[in-house]
Amino acid sequence: MEVIIQDSGDDVGRLAARIIARQLLKKPNSVLGLATGSTPIGTYRELVRLHSKEGLDFSQVTTFNLDEYLGLPPSHPQSYRHFMDEHLFSHINIPKGNIHVPYGHAEAIEQFCAWYEAEIVRCGGIDIQILGVGADGHIAFNEPGSSLGSRTRLKTLTEQTINDNARFFDSKDQVPRFAVTMGVGTILEAHRVLLLAIGGGKAEVVTKAIEGPITASVTASALQLHRDVVVIVDSEAGSKLARADYYHWVSEQKKRHLPGVEV
Ligand code: F6R
């Protein structure tokens, strides 16, 4: 696990976008795993800029989003599909048929979840998975107590997540109670994971996730088992890390002694 502490949230987004851009240059038909929420917005903004100003090509890219609220059609302004269209898909040259966002309206949820898992495999697996982390330690909608081996499935949201996400809706009552989400086991199969966190509100959970014990009570902690995770946080989200000095030291040493080696 590599932990990179950046000065600002904008720097987090720029670095994450640069890592993704490098992946697309290396493998133009990469499969990207995408998250919604406030954390990756800067990353998407930078990817859109790289596309429009520097010609970053998404024409062969395939995407799989982590999750979607149950019951919200793609056209709903608070659906994750709508969020992705607004922040990324409608600004880049990705073919619509290459985009996968769990369909929160599926009649047969179990069959849909099995199909989603099979589709990820059929596309060759996820090359880079972007993740945010919830205040309760969740990745995707894998709330505390989710099995660390879980797969794509229907999940009941916790009250904390409903409260956290109420800011996007007119009232808390409108926040869906269920979501279709990739499981922790699904996420752990991505070839590379970028865990992003911005702001002091995430400081405690980031510390638990990367320096605490591996536990289903903080599903992000399962990432400690993954062999290629890059954690990118701003200084506020990284402010409670016990090993912050070491993480800075590693970045410094790499810059100084391995200038050609990028994250
Ligand atoms: C979103 C997702 C969630 C968020 C998490 C953090 O697709 O899977 O796990 O990443 O809730 O949300 P923000 O970034 O809004 O703090």
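First, a word on what this report is: a plain description of the structure on this page.

About the thresholds
- Residues numbered from 1 in each chain as written.
- Predicted model: local features only at pLDDT ≥ 70, side-chain atom pairs only at ≥ 80, totals over all residues.
- Heavy atoms only, no water.
- Helix = DSSP H or I, 4+ residues; strand = E, 2+ residues; numbered from the N terminus.
- Rg over C-alpha atoms; globule rule 2.2 N^0.38 Å.
- Buried < 20%, exposed > 50% of the residue type's maximum accessible area, 1.4 Å probe, protein only.
- Contact = heavy atoms within 4.5 Å.
- Lys, Arg positive; Asp, Glu negative; His and termini not counted.
- Charge placed at Lys NZ, Arg CZ, Asp CG, Glu CD.
- Phe/Tyr/Trp six-rings, centres within 6.5 Å; stacked < 30°, edge-to-face > 60°.
- Near = heavy atom within 4 Å.
- Polar contact = N/O pair within 3.5 Å; in protein donor to acceptor, adjacent residues only side chain to side chain.
- Areas by Shrake-Rupley, 256 points an atom, 1.4 Å probe, with all protein chains shown as cover.
- Nonpolar A, V, L, I, M, F, W, Y, C, P; charged D, E, K, R; others polar.
- Axes fitted to C-alpha atoms, helices over the stretch in contact; angles between N-to-C directions.
- Parallel < 35°, antiparallel > 145°, perpendicular 65-115°, else oblique.
- Pairing = 2+ DSSP bridges.

Quick word on the overall build of the protein chain
Within the protein chain, the regular secondary structure consists of eight helices and ten strands. In terms of overall size, the protein chain behaves like a compact globule, its C-alpha atoms giving a radius of gyration of 17 Å where 263 residues would be expected to give roughly 18 Å. Seen along its three principal axes, the alpha-carbon backbone of the protein chain occupies a region of about 55 × 40 × 35 Å. A buried classification covers 54% of the 263 residues belonging to the protein chain. A separation threshold of at least 6 residues defines the contact pool for the protein chain, and within that pool the share at least 24 residues apart is 79%. Counting 26 positive and 31 negative side-chain charges, the protein chain places the averaged centre of each group 4 Å from the other.

Things to note about the packing of aromatic side chains
Scanning the entire structure with this criterion turns up nine aromatic pairs. Consider the rings of Phe112 and Trp115, whose centres lie 5.8 Å apart with planes at 40°: the pair is tilted. In this pair, Phe112 and Trp115 are both assigned in helix α4 (residues 109–122), three residues apart and thus about one turn of the helix distant. With a relative accessible area of 14%, Phe112 lands in the buried category. Here the aromatic cluster, defined as three or more aromatic residues joined through ring pairs, consists of Phe64, Phe112, Trp115 and Tyr116.

Side note on the site of the ligand
Around the ligand, the surrounding shell holds 14 residues, and the nearest of these are Thr39, Asp67, His138, Ala140 and Lys202. Take Thr36: an N or O atom from its side chain is 2.8 Å from an oxygen atom of the ligand. His138 has a polar side-chain atom sitting 2.7 Å from an oxygen atom of the ligand. In isolation the ligand has 410 Å² of accessible area, and contact with the protein removes 93% of it. Residues of the shell around the ligand, tallied by class, amount to four nonpolar, seven polar and three charged.

So, the packing of helix α2 (residues 41–54) against helix α3 (residues 80–87)
Contact pair α2 / α3: the axes reach a minimum separation of 10 Å and the direction vectors enclose 40°. When the interaxial angle is binned, α2 and α3 end up oblique. Residue-level contacts link Ile41, Tyr44 and Val48 of α2 to Phe83, Met84 and His87 of α3. In terms of residue class, the contact of α2 with α3 is built from five nonpolar, one polar and no charged.

A look at the sheet that holds strand β7 (residues 153–156)
The antiparallel open sheet is built from three strands, whose spatial order is β4-β8-β7. Lying at the two open borders of the sheet, with one neighbouring strand each, are β4 (67–69) and β7. Averaged over all neighbouring strand pairs, the angle between strand axes comes to 30°, with direction disregarded. Bridging between β7 and strand β8 (residues 178–181) involves four bridges; their strand directions are antiparallel. The residue bridging Lys155 from the neighbouring strand is Ala179, located in β8.

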